[in-house]
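A look at the structure
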Amino acid sequence: MAEKEFQQCVRCKYVADKEERYCIKCGAPLKNRCTKEKTLMHKGCSKVNKADAKFCADCGTATTFNEWGLL
Ligand SMILES: [Zn+2]
Ligand SMILES: [Zn+2]
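These notes cover the structure that comes with them. No experiment lies behind these values; they were computed from the predicted model shown. Each chain carries its own residue numbering, running from 1 in the written order of its sequence. Chain letters and ligand numbers both follow the written order, the letters beginning at A and the numbers at 1. Reporting of local features is limited, given that this is a predicted model, to residues whose pLDDT is at least 70; pairs of side-chain atoms are given and counted only at 80 or more, and all residues count toward the totals for whole chains, interfaces and linings. Heavy atoms from the whole structure form the basis of all side-chain values; hydrogens and water molecules are not counted.

Some details on the environment of Ala 53
Each helix is a run of H or I in the DSSP string that is no shorter than four residues. Each strand is a run of E no shorter than two, and both are numbered from the N terminus. Mapped onto the secondary structure, Ala 53 falls in the loop between β4 (48-49) and α1 (64-67). Sequence spacing of Ala 53 and Phe 65 is 12 residues, and the spatial spacing of their C-alpha atoms is 8.0 Å. Contacts between residues were defined by any pair of non-hydrogen atoms, one from each residue, lying within 4.5 Å. Among residues more than four places away in sequence, those in contact with Ala 53 are Asn 32, Thr 63 and Leu 71.

What to know about the coordination of the zinc ion (ligand 1)
Because water is not among the atoms used, a metal site may look incomplete, as its donors are only the N, O and S atoms within 2.8 Å, or 3.2 Å for Na, K and Ca. Looking at the zinc ion (ligand 1), one finds its protein donor set to be Cys 9 (SG), Cys 12 (SG), Cys 23 (SG) and Cys 26 (SG), positioned 2.3 Å from the metal centre. Mapping the donors of the zinc ion (ligand 1) onto the primary sequence yields the spacing C-x2-C-x10-C-x2-C. Look at Cys 9 and you get buried, because its relative accessible area is 1%. The exposure class of Cys 12 is partly exposed, given its relative accessible area of 34%. Exposure categories follow from relative accessible area, calculated using a 1.4 Å probe and restricted to protein chains: below 20% of the type maximum is buried, above 50% is exposed, and the middle band is partly exposed.

Shape descriptors only; they carry no functional weight alone.
Here it is, written out as C-alpha cells:
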C-alpha cells in the first residue's frame, strides 16, 4: 500500500493532502510557486520551488510564499 503524501501549511502548520493548493484553515498557498507571469515576451514560469525558497530557482522571480510574507 502506497503511503499518502502530505504537506504542511507554512503559516498555521495545518497538515494538508499533497494535491491541495491552498490551506483550508487559513487560506495560505501550500505550493511555493514562482510568480513570473505569462507575457507576450515570455511564456511565464510556474515552477514549484522548495518551501523555504524566497526566489525561484529557475528564473530568480519572487515566489508565492515570499509575496505572501510567509518566509
Ligand atoms: Zn494554513
Ligand atoms: Zn521562475
